[in-house]
Amino acid sequence: MSSHREAPEISKDPVADSTDLYAFVSPDKPDMVTIIANYIPLEDPAGGPNFFQFGDDVLYAIHIDNDGDAKPDITYQFRFTTSLQNPNTFLYNTGPISSLTDKNWNMRQTYSVTKVAKGRPTGLASGLACPPCNIGPRSTPDYVGLANAAVHPLPSGETVFAGQRADGFYVDLGSIFDLGDLRPFQNLHLIPTPAAGGADSLSGFNVHTIAIQIPKRQLTADGSMPGDPMSSRSVIGMWTTASRQKVGVQGGPSAGPFTQVSRLGNPLVNEVIIPLGLKDQWNATSPDDDKQYADFYMKPELATLLPILYPNVFPNLKALSAARADLAAILLTGIPTGIVPGFQNFTGKTQADMLRLNMAIPPAASPNSLGLIGGDPAGFPNGRRPQDDVVSIELRAVAGLTYALVDKSFTPDAAASKVTDGLDGKDQNFLSSFPYLGVPFDGYATSALSHVA
Amino acid sequence: MDNVSRRKFLGWSGAAAAGAGLLAVAPRLADGHKPATNVTEPLVAYIENPAGGRISLMAGTQEVVLHDPDLVSRLMARLDGR
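Here is a short report on the structure shown in this document.

1. Focus: the overall build of chain B
Phase 1: Scanning chain B from N- to C-terminus turns up two helices and four strands.
Phase 2: Buried residues in chain B amount to 34% of all 82 residues.
Phase 3: Pairs at least 24 apart in sequence give 36% of the contacts found in chain B among residues at least 6 apart.
Phase 4: As presented, chain B carries roughly 4800 Å² of accessible surface, and 47% of it is formed by carbon and sulfur atoms.

Here it is as structure tokens:
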């Protein structure tokens, strides 16, 4: 998964487990950038009576670097508070929830937003309401209305939303974690079975989303509007973190400074690139210290496994012994000028896992879910849009498709441009406006679908 | 000691010692002593390695690290019932 349950420790702490990070120039508001950080993997929509919520004891953050040192120049912090209206019932709600202040809604969350710029914190808002979870037609009959009411424009120019959404990430986990199987090509696998279409393992599951839409001018180092795609000032790097206080006493307080327990920049990095023994450490590391992991990016284990798992399919990849400068550029520094005509998202020589966005690239009129390798520079790895097929993009990159960009003598295997888990995201219910991720699956309907005989 | 009075800290910990290496301390104690500082939140003292003589004091989001082998030794003695 992009980053769902990707490391041993964080897999036991779902409310602090970042699952996906998206960043893109807002298609309906091209002077704004939208950043979405998802948490809490694999929410079963019917998981009541204590439906999912953010952790009151977790410090959630979205970091932005705008000068290439992989240190945060701007950080948005989000803190949540849960309140119980009626402690004398076991119910999440005691009747239909018709508004965010409905007395029938028992267990609620509100949150505060703090902006830290150049080390100085400024409280932007507090007491902002989250929507309830999507329970079913009796409890949340107008879920869209509830969610829309939880979109909060802030006086400082940003717009925020925090609450449940449908998980927009799509991936065939069932096959990939079964010895690297890809159903469309499993007839070529070392242990072959007839080829089949992909199956989205996350379909029907929800996540908890923190989304913020920010004027571009507030993101550049000098406050300018990014207009030149070839200017370094147009590029920002982003990552999200969750932190817990250093010490917790069971049944008692938490105390001490907040300590990072989860991190996410580029999709699938801690999942696929970082080895098991270092995953927890990677989650606690800052991007400016990522040089220590560079070898794993430049000699990825998956590139070694593909020719073994798919015999005779990747002969050129098998013979490729050079360090993968293409992957280092895509994931650690951004793509410098001269690699892809008319495009760059280079943030400098500091090797750091950040999701990089060239804000001067306008939204695509007809987005290609394969992003840059599909000829659409408004998509991954230039930021990441919800519809971007990051599984196929990264599979193809690791398979050698992008190595030819840095070594013209290399010929990618024919399969490198075709490899996929068989999903394209076209069945996702994304929205055309903020917060873009789809209406969460409701417990009532999803249970009925998943338990039909 | 930084920020926190050692004498007061010893007093708190003596009243509330519990568990090896991890001592949760209330800011106002049964004997009516008040903390010497303006700490109003629970205070946690963490000794990762008693032989090293270092204590982390944490309250709210603050952490102060002390190097005081004598204090650690006396706290450990309390755990031993001495």
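There's more to say after this.
2. Let's talk about the interface of chain A and chain B
Phase 1: With nine residues of chain A in contact, the opposing surface of chain B contributes 10 residues.
Phase 2: A combined buried area of about 760 Å² lies between chain A and chain B, and 77% of that area is made up of carbon and sulfur atoms.
Phase 3: The salt bridge partner of B:Glu63 is A:Lys246, with a shortest N-O separation of 2.8 Å.
Phase 4: When contributions to the side of chain A that touches chain B are tallied by element, the ones reaching two or more residues are β10 (235-248) and β11 (254-264) of chain A.
Phase 5: Residue classes in the side of chain A that touches chain B are distributed as six nonpolar, two polar and one charged.

3. Some points on unusual backbone geometry
Residues apart from glycine generally show negative phi values, whereas peptide bonds are mostly found in trans.
Residue and element names in this part refer to chain A.
Phase 1: Note the cis peptide between Phe380 and Pro381, where omega equals 5°.
Phase 2: Relative to the elements of secondary structure, Pro381 occurs in the loop between β12 (355-358) and α9 (390-398).
Phase 3: Residue Pro435 follows Phe434 across a cis peptide bond; omega there is 10°.
Phase 4: Relative to the elements of secondary structure, Pro435 occurs in the loop between α9 and α10 (443-450).

4. Quick notes on the pairing of β12(A)
Residues and elements named next belong to chain A.
Phase 1: Burial along β12 is two-sided: the face carrying Leu355 and Leu357 and the face carrying Arg356 and Asn358 are both buried.
Phase 2: Sheet topology note: the β10/β12 ladder contains four bridges and is antiparallel. Paired with Val235 across the strands is Asn358, a residue of β12.

5. A look at helix α2 (residues 69-79) of chain B
Phase 1: Turning to α2(B), its buried residues are B:Leu71, B:Val72, B:Leu75 and B:Ala77.
Phase 2: Looking one or two residues beyond α2(B), the residue adopting positive phi is B:Gly81, at roughly 80°.

6. Some thoughts on empty space enclosed by the protein
Where empty space is left becomes clear once a probe the size of a water molecule has been rolled over the atoms.
All names here are of chain A.
Phase 1: Tallying each qualifying case throughout the model produces three cavities of 30 Å³ or more.
Phase 2: Computed from the structure, the largest cavity encloses a volume of approximately 90 Å³.
Phase 3: Around the largest cavity, the lining is made up of 14 residues, and of these Phe52, Gln53, Tyr92, Gln109 and Pro131 lie nearest the centre.
Phase 4: Taken together, the residues of the lining of the largest cavity sort by class into nine nonpolar, four polar and one charged.
Phase 5: Empty space within the second largest cavity amounts to approximately 50 Å³.
Phase 6: Surrounding the second largest cavity, Asp326, Ala329, Ile330, Ile335, Ile339, Val340, Thr402, Leu405 and Val406 form its lining.
Phase 7: For the lining of the second largest cavity, the residue count by class is seven nonpolar, one polar and one charged.

7. What to know about the layout of surface pockets
All names here are of chain A.
Phase 1: What the largest pocket holds in volume is close to 1000 Å³.
Phase 2: Around the largest pocket, the lining comprises 43 residues; the ones closest to its centre are Ile176, Glu271, Val272, Ile273 and Leu302.
Phase 3: Listed by contribution, the elements that provide at least two residues to the lining of the largest pocket are α2 (173-176), α3 (269-273), α4 (276-283), α6 (301-309), α8 (325-333) and α9.
Phase 4: The element contributing the most residues to the lining of the largest pocket is α9, with six residues.
Phase 5: Looking at the lining of the largest pocket residue by residue, the class counts come to 34 nonpolar, two polar and seven charged.
Phase 6: Considering only enclosed or pocket space, the second largest pocket measures out at about 290 Å³ in volume.
Phase 7: Lining the second largest pocket we find 19 residues, and of these Phe24, Pro27, Pro367, Arg385 and Gln387 sit closest to its centre.
Phase 8: For the lining of the second largest pocket, the elements supplying multiple residues, two or more each, are β1 (18-25) and β12.
Phase 9: Considering only residue class, the lining of the second largest pocket consists of 14 nonpolar, four polar and one charged.

Parameters and conventions
- Residues numbered from 1 in each chain as written.
- Chains lettered and ligands numbered in written order.
- Predicted model: local features only at pLDDT ≥ 70, side-chain atom pairs only at ≥ 80, totals over all residues.
- Heavy atoms only, no water.
- Helix = DSSP H or I, 4+ residues; strand = E, 2+ residues; numbered from the N terminus.
- Buried < 20%, exposed > 50% of the residue type's maximum accessible area, 1.4 Å probe, protein only.
- Contact = heavy atoms within 4.5 Å.
- Areas by Shrake-Rupley, 256 points an atom, 1.4 Å probe, with all protein chains shown as cover.
- Buried area = accessible area lost by both parts, 1.4 Å probe.
- Salt bridge = Lys/Arg side-chain N within 4 Å of Asp/Glu carboxyl O.
- Nonpolar A, V, L, I, M, F, W, Y, C, P; charged D, E, K, R; others polar.
- Pairing = 2+ DSSP bridges.
- 1 Å grid on protein atoms, 1.4 Å probe; cavity = no way out; pocket = protein on both sides within 12 Å on 5 of 7 lines; lining within 4 Å.
- Points joined across faces, edges and corners; volume = space filled by probe spheres on them.

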